[in-house]
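So you can see what is in the structure, the chains are spelled out below.
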Amino acid sequence: MPQPPIYLDHAATTPVRPEVLEAMLPYYSAKFGNASSAHRWGREARAATDAARERIAACLGAQPDEICLTSGGTEADNLAVLGGWRVQQGRGRAGIVSTPIEHKAVLESVHQTAREGGDERLLAIDATGVVNLDSARQHIRGDVALVSVMWVNNETGVIQPIAELAALAKEAGAIFHTDAVQAFGKLEVDVRTLRCDFLSVSGHKFGAPKSIGAVYVRRGTPLAPLFFGGSQDRGRRPGTENTPMAVALATAMELALAERDAEVARLRALRDRLQSLLTERIPELVVHGRGASRVPHILHVSVPDADSESLLMALDLAGVAASSGSACQSGSVTPSHVLSAMGLPPALGASAVRMSVGKLTNDEQIDRVAALFPEAVKAARAMAGRF
Amino acid sequence: MNAMPRVLVAMSGGVDSSVAAALLVRQGYDVVGVTMKLFEDGAELPDRPCCSLDATSDARRVAEQLGIPHYVLNMIDHFGRDVIADFVAEYARGRTPIPCVRCNTFTKFSDLVAKADGIDAPYVATGHYARAVAGELHRGADDNKDQTYFLWGINRDVVKRMLLPVGEMTKAETRAVARELQLPRVADKAESQEICFVPDGDYVQILRRELGDTAPALSPGRIVTTAGDVVGEHEGFARYTIGQRRGLPGGSADPMYVVALRPETREVVVGPRAALLGTHLSASGVNWLVDTAPRAGDEVQVRIRHRAPLAPAVVDAVADGAVSVTLRSPVSAITPGQSAVFYDGTRVLGGGFIH
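Every chain begins its residue count from 1, and numbering advances along the sequence as written. To label them, take the chains in the order written and letter them from A, then take the ligands in the order written and number them from 1. Residue-level local features of this predicted model are given only where pLDDT is at least 70; pairs of side-chain atoms are given and counted only at 80 or more, and the full residue set underlies all totals for whole chains, interfaces and linings.

Participant: Explanation requested: helix α8 (residues 260-281) of chain A in the structure shown.
Facilitator: Helical geometry note: an α-helix holds 3.6 residues per turn, so side chains three or four residues apart project in the same direction. Residue and element names in this part refer to chain A. By definition, any uninterrupted DSSP run of H or I lasting at least four residues is a helix, any uninterrupted run of E lasting at least two residues is a strand, and each is numbered from the N terminus. To estimate the expected span of a helix, subtract one from its residue number and multiply by 1.5 Å. In a regular helix each residue adds 1.5 Å, so 22 residues correspond to 32 Å; α8 covers 31 Å between its end C-alpha atoms and thus fits that length. Residues of α8 that are buried: Leu267, Leu270, Arg271, Leu274 and Leu278. Each buried residue of α8 sits inside an arc of 95 degrees when the element is viewed along its axis, so together they form one side. Of the residues in α8, the exposed ones pointing more than 90 degrees away from the buried face are Asp261, Ala262, Ala265, Ser276 and Glu280. Whether two residues are in contact depends on their C-beta atoms, placed from the backbone: they are in contact if these lie within 7 Å. Contact partners of the buried residues in α8: β10 (298-302), β12 (352-356) and α12 (363-384). Remark: C-beta atoms are placed from the backbone, and a residue is labelled buried if 20 or more other C-beta atoms sit within 10 Å of its own, exposed if 12 or fewer do, or partly exposed between those counts. Each C-beta atom gives one direction from the helix axis, and the arc is the one those directions make.

Participant: Sorry, what's going on with the environment of A:Ile67 here?
Facilitator: Residues and elements named next belong to chain A. As for its position among the elements, Ile67 is in strand β2 (residues 67-70). Residue Ile67 is classed as buried on the basis of its 25 C-beta neighbours within 10 Å. Note: C-alpha distance between Ile67 and Glu54 (13 residues apart in sequence) is 8.4 Å. In this structure Ile67 touches Arg53, Ile56, Ala57, Ala62, Ala214 and Tyr216, once residues within four positions along its chain are discounted.

Participant: What is the right way to read unusual backbone geometry from this model?
Facilitator: Excluding glycine, residues mostly carry a negative phi; peptide bonds, for their part, are mostly trans. Residue and element names in this part refer to chain B. Here Ala134, not a glycine, exhibits a phi torsion of approximately 50 degrees, which is positive. Within the secondary structure layout, Ala134 lies in the loop between β5 (130-133) and β6 (136-139). Among the residues examined, Ala134 registers 7 C-beta atoms within 10 Å and is labelled exposed. Notably, Arg307 is not glycine yet its phi reads approximately 70 degrees, a positive angle. Summarising the element assignment, Arg307 is placed in the loop between β13 (299-303) and β14 (311-319).

Participant: Please clarify how the confidence of the model for chain A should be interpreted in this entry.
Facilitator: Do not read the fine detail of predicted coordinates wherever pLDDT is low. As a per-residue measure, pLDDT tells how confident the predictor is, with possible values from 0 to 100. Of all residues in chain A, 96% have pLDDT values of 70 or greater, and the mean over the chain is 94. Below pLDDT 50 for its whole length, residues 327-332 of chain A participates in seven contacts with residues either more than four positions away or in separate chains.

Participant: Just to check I follow, could you spell out the pairing of β2(A) for this structure?
Facilitator: Successive residues of a regular strand alternate their side chains across the two faces of the sheet. Residue and element names in this part refer to chain A. Burial along β2 is two-sided: the face carrying Ile67 and Leu69 and the face carrying Cys68 and Thr70 are both buried. A pair of strands is labelled paired if DSSP reports no fewer than 2 bridges between them. Relative to strand β8 (residues 213-217), β2 runs antiparallel, the two sharing four bridges. Bridge pairing in β8 links Thr70 to Gly213.

Participant: How should the sheet that holds strand β8 (residues 221-225) of chain B be read in this particular structure?
Facilitator: Two orientations exist for strands paired in a sheet by backbone hydrogen bonds: parallel and antiparallel. Residues and elements named next belong to chain B. The strand order across the open sheet formed by four strands is β9-β8-β11-β10, and the pairing between neighbours is mixed. The open sheet has two free edges, formed respectively by β9 (230-234) and β10 (257-262), since each of these has just one partner strand. Neighbouring strand axes in the sheet, compared pairwise and without regard to direction, differ in orientation by 30 degrees on average. Pairing between β8 and β9: four bridges, direction antiparallel. Each bridged residue has a counterpart across the sheet, and for Gly221 the counterpart in β9 is His234. Here, axes are lines fitted to C-alpha atoms. For helices the fit covers the stretch in contact, and angles between N-to-C directions go from 0 to 180 degrees.

Dropping the structure here:
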């Protein structure tokens, strides 16, 4: 490969920022104490963890005691959906409302509540990938314990009508959770203006390491823990607190917020240019979510007569890294559940490729990708034929 | 930039394909490894020979160690249609299929070749014990391991694109290379003897799933002698194959063997060992791998089963896609659905499905 490869999968994960790494390292060496210990090492770690929690809270417009640190977005989603629903079920409400386009971390948790007796209702999605509000008004009723709808869909990048959905949930007396994993750092995420009860974030989407996230828990919202053990984090999430990672998350969130407006403009320009170059060269390209509001960094397309797997392989061999939507589960060959929910014909669903720009992306790379893409499409289409 | 041509290697995670990939890397080829995902159920079963996450991760680790790209290719639809559906249909017709033949014909050396075209790879490679020499297929050097019996159906034009690195080696040599190269996990892996999509060798389970329990092939019927005497009952003729002794009623003076299956009447026909011998066979769906197909009167060698000795024969007739031969000495258990593969020394002339 003559030129360095191009990373177009920032929605899957991002590199750890140097400032973040620098901020967390002391907590692996000199300041290694357990934040729950009574002695000086413990106090030092306790101070750092508490400070991190305050900073994370400030980034969300929340109070420090409303921040529950987790091992990432998946745990945050599980805690919110299962932890929130189980308490409400105990109080007589069994309904759970969500959407078929959620990340599996939410969807599987929702299915689990159904196995525990929950009355699962999934809202309708329109063709552009947006939750249908009429469907929401119909399903979010007084028997609903919890409503969980993602802020931004991780495959299409489409922004959901979260404010309206939160209002409907609150009117019905239900808990509202939103998976904000793809939203934080791109949209304004502030729990003072959004009436949510739970909100999930994941560090590795914005320059923190993998395996750190948080769930925001509004004061007064009961939560049944998933883990049993010590009393850390007010008993919500037992286990020795991950001080270095908490510091990492806080640092990454602050940096993401500080540069958000400038980055959003830069990413939008890069993404839009890529989109326009590709649609010019491949007129039959289908761009998902085009008719809706999207976050600035995601471009999700389908190439007729080419399947995702072959296209990704051809792109990778040409030095371009993209994804088919969800990086989870190696060996999984099922087509996108998100695109199926949008009513897309299976053939298009099986030919979807998600490209996402970020920190590592620049204009020169966009030009190179636009140049390589038609060849990759040609290759992928060749692979579909029988010899 | 790699000056050597690109080759797509099918890596199952087993020692043969792992060593094949390693040898090609050593020879300087631009190697791209792929693992084919052929059916869905593999993930739940640990230590399966093929298709499971374990086998895929073994292939991935070998690829990583060799420094080559590795992809998992979803070929479930094609494999289901070309291999599994045919497997089931053959049993339903009272025949004994060899799915590996169809896999090589349609999946490995057809669909995979299309993938190779897509990535500009002039060559495809596997860990088969066979040799491709000057556009012709030859038996592998290790006669014990020769796998050309399963390769007769591939398109002739593919042979010149095949690289078969372990074809010159014995199995023992392959394992030695794996150890020498310190390929993770594979050197001492158990061999995969079973059909990849049949868990624990229980193919009847697949038939039940696809045909339903009340299908004729799985329904009770009579066991009869060649003379027509009823000697017992069976639980479905698909459970039997020609030459089988297991599952038959005992008590007769001579041991009894399955000599025929009659799907129309659901009968399993038994007879003494002598009744298994045949000197004549016809094959259909014949595929020739040489420029000049044999003609009537030509001497050939035939294999009617994997690892059976090469049986000398004379060609009686060759028609479009069909051939019939007379064997010089009687051969036991010529089985409809199995393959008849024709050789001229080490050269694989071609083959067909036994009628």
